[in-house]
Amino acid sequence: NQRSTEVLRAPVICVLGHVDAGKTTILDNLRQTHVQDNEAGGITQQIGATNVPSETIYRRTEMCREMISREGDFIVPGLLIIDTPGHEIFKSLRSRGSSLCDLAILVVDIMHGVAPQTIESIQLLVERQTPFIIALNKQYLEGMTFYESIYCLNSKVDLLYDWKSNNKKSIELVLQEQQQITQNHFEKCCKTIICQFAEQNLNVALYYENPDPNEYYSMVPTSARSGDGMGSLIALIIEKSQTTLSRRISYTHELQATVMEVKVIDGFGITIDVALVNGYLSVGDKILIAGQEGPIVTQIRRLLIPESNQELRTTNQYQNEDTIKGARGIKIVARGLEKAMAGLPLFVARQTDEIDFYKNEINIM
Ligand code: GTP
Ligand code: MG
Ligand code: NA
């Protein structure tokens with residue numbers, strides 16, 4: 001199990017933040033999907049998982065490639081992104097999602113600032129020493145961009161109405177090109193948020209002003225609606241993954257997998273959604289997971305992977321695979337999953353004597 005930095009796996013990126021900060025909409029923008037539109041009450045109620053391929057990353061970071069220092073053999077093969085609910089009742093899902101991840105995106109509504117579940121998320125991340133990037137997302141009034149809302153709230157309308165949305169440039173440049181009054185308002189919002197983070201004992205800075213990434217968490221202004229800043233956000237995630245996180249995300253065969261959700265799927269019966277973080281799984285593998293009445297031992301009948309850029313919790317298009325390597329969000333079809341429990345690890349017994357060993361591991365969890 002010697003770690004090498006030769007082969008990187010996809011980093012697991014968890015999206016956390018207060019309810020309605022725009023977590024799912026940011027992912028919809030990245031994936032070009034409409035998951036948020038179809039959520040009941042516009043509220044996420046489950047953990048989601050999306051496998052984002054490197055082609056998408058490449059395309060979406062075109063305008064800020066200079067932010068990415070490593071190329072060639074050392075690039076990540078994609079991202080496994082975990083969406084979490086921001087509503088206060090889903091603390092256990094935020095905890096489950098954040099416990100899996102290598103890096104998090106903490107989404108903060110730029111006009112509302114740090115809110116109760118932002119603070120709760122910060123605590124989860126700091127506790128586990130998980131690095132994170134802050135997305136300063138969105139607007140003030142529903143249905144408007146941040147910049148449109150400035151226009152609404154300010155009587156000097158004509159001076160602000162001229163904001164030029166541009167998702168083809170880095171957000172640093174887009175901001176520089178704004179009217180002074182727009183820039184001033186933006187800076188005021190940022191100052192407030194920097195103070196709110198300081199109250200939580202965290203140093204934060206806009207990513208292009210960050211004096212020391214080891215001391216300051218970086219913030220990236222984004223608009224999930226227009227896509228402004230999305231390239232900069234993704235480029236920052238990639239850069240961090242391929243530099244400071246590269247040891248952590250080097251691929252090994254050591255299995256690390258967690259059951260995220262237990263679900264009935266038409267035609268397949270009860271299935272489990274699994275975050276396969278590291279190592280590999282194959283059809284026929286003998287797996288062990290926690291169940292309400294003790295450990296469940298079963299065999300993988302099908303390994304399903306959603307189409308690229310499709311959310312595992314909403315898609316019904318899967319591809320069958322014989323073997324899958326981490327990090328990927330996958331669905332497992334097997335018998336005897338009726339009493340399966342989510343939020344706990346999945347083990348594979350590749351030798352018979354490992355069955356009792358892992359049963360014991362599960363019993364003491
Ligand atoms: P939960 O998962 O329920 O915690 O919410 P969320 O953080 O995933 O937020 P969601 O994506 O559901 O967005 C909430 C609302 O804000 C939706 O109506 C989005 O369309 C809107 N929204 C999100 N991002 C933006 C943005 O950048 N600009 C504007 N104008 N609206 C946004
Ligand atoms: Mg959501
Ligand atoms: Na929402």
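One numbering rule holds for all chains: residues counted from 1, following each sequence as written. Here the convention is simple: chains get letters from A, ligands get numbers from 1, in the order in which they are written. Local features in a predicted model are, by the rule used here, given only for residues with pLDDT of at least 70; side-chain atom pairs are given and counted only at 80 or more, and totals for whole chains, interfaces and linings are based on all residues.

This next bit is on the nonpolar core. If you look at the biggest cluster of nonpolar residues, it comprises 92 residues, and the most contacted ones within it are Ile13, Ile82 and Ala275. Secondary structure counts use DSSP, requiring at least four H or I residues in a row for a helix and at least two E residues in a row for a strand, with both numbered from the N terminus. No other element matches the seven residues that helix α9 (residues 230-242) contributes to this core. Note on contacts: each residue gets a C-beta atom placed from the backbone, and two residues are in contact if those atoms are within 7 Å. When sequence neighbours within four positions are dropped, the list of residues in contact with Ile13 reads Leu79, Ile81, Ile82, Cys101, Leu103, Ala104, Ile105 and Ile237. Joined through C-beta atoms within 7 Å, a set of buried Ala, Val, Leu, Ile, Met, Phe, Trp, Tyr and Cys residues constitutes a nonpolar core. Counting other C-beta atoms within 10 Å of a residue's own tells you its class, since 20 or more makes it buried, 12 or fewer makes it exposed, and anything in between is partly exposed; those C-beta atoms are placed from the backbone.

A separate point is the site of ligand 1. Near ligand 1 there are 24 residues, and of these Gly22, Thr25, Thr44, Gly86 and Lys138 occur at the shortest range. When residues are sorted by character, Ala, Val, Leu, Ile, Met, Phe, Trp, Tyr, Cys and Pro go into the nonpolar class, Asp, Glu, Lys and Arg into the charged class, and all the rest, Gly among them, into the polar class. Residue classes in the shell around ligand 1 are distributed as seven nonpolar, 13 polar and four charged. Nearness is defined per residue: the C-beta atom, placed using the backbone, must lie within 6 Å of the molecule or strand.

So, about the sheet that holds strand β12 (residues 296-299). Pairing between strands is defined by DSSP: at least two bridges between them are needed. Strands sit in the order β12-β11-β17 across an open sheet of three strands; the sheet is antiparallel. Looking at which strands have only one partner, the edges of the open sheet turn out to be β12 and β17 (347-348). Examined bridge by bridge, strand β11 (residues 286-289) and β12 share four bridges and lie antiparallel to one another. The residue bridging Ile289 from the neighbouring strand is Ile296, located in β12.

What follows deals with the sheet that holds strand β5 (residues 132-137). With respect to topology, seven strands assemble into an open sheet ordered β2-β3-β1-β4-β5-β7-β6, the strand pairing being mixed. Edge positions in the sheet fall to β2 (48-53) and β6 (204-206), since each of these pairs with one other strand and no more. Across the sheet, the mean angle separating the axes of adjacent strands is 30° when strand polarity is ignored. Of the strand pairs in this sheet, β6 and strand β7 (residues 217-222) are connected by three bridges, and their pairing is parallel. Pairing of Leu206 across the sheet is with Met219, part of β7. Against the sheet, helix α3 (residues 91-100) touches β1 (12-17), β3 (78-83) and β4 (103-109), its axis set at about 150° to β1. Geometry is summarised by axes, namely lines fitted to C-alpha atoms with helices restricted to the contacting stretch, and by angles between N-to-C directions that run from 0 to 180 degrees. Seen against the sheet, α9 touches β1, β4, β5 and β7 and runs at an angle of roughly 155° to β7.

This part covers the environment of Thr352. Checked against the element boundaries, Thr352 lands in the loop between β17 and α10 (353-363). Taking the C-alpha atoms as reference points, Thr352 and Lys286, 66 residues apart in sequence, are found 9.3 Å from one another.

Attention now moves to unusual backbone geometry. A cis amide bond, omega 0°, links Gly326 with the succeeding residue Ala327. One can find Ala327 in the loop between β15 (323-325) and β16 (328-333). Of note in the backbone geometry, Gln32 takes a positive phi value of approximately 60° without being a glycine. Position of Gln32 among the secondary structure elements: in the loop between α1 (23-31) and β2. One non-glycine residue, Gln129, lies in the positive phi region at around 55°. Among the secondary structure elements, Gln129 is positioned in the loop between α4 (116-127) and β5.

We now examine the confidence of the model for the protein. Per-residue confidence from the predictor is given as pLDDT, running between 0 and 100. Averaged over every residue, the pLDDT of the protein is 91; the share at 70 or more is 91%. Taken together, the stretch residues 154-161 has pLDDT below 50 and engages in 11 contacts with residues farther than four places along the chain or on a different chain. We note a pTM of 0.94 for the whole complex and an ipTM of 0.99 for its interfaces.

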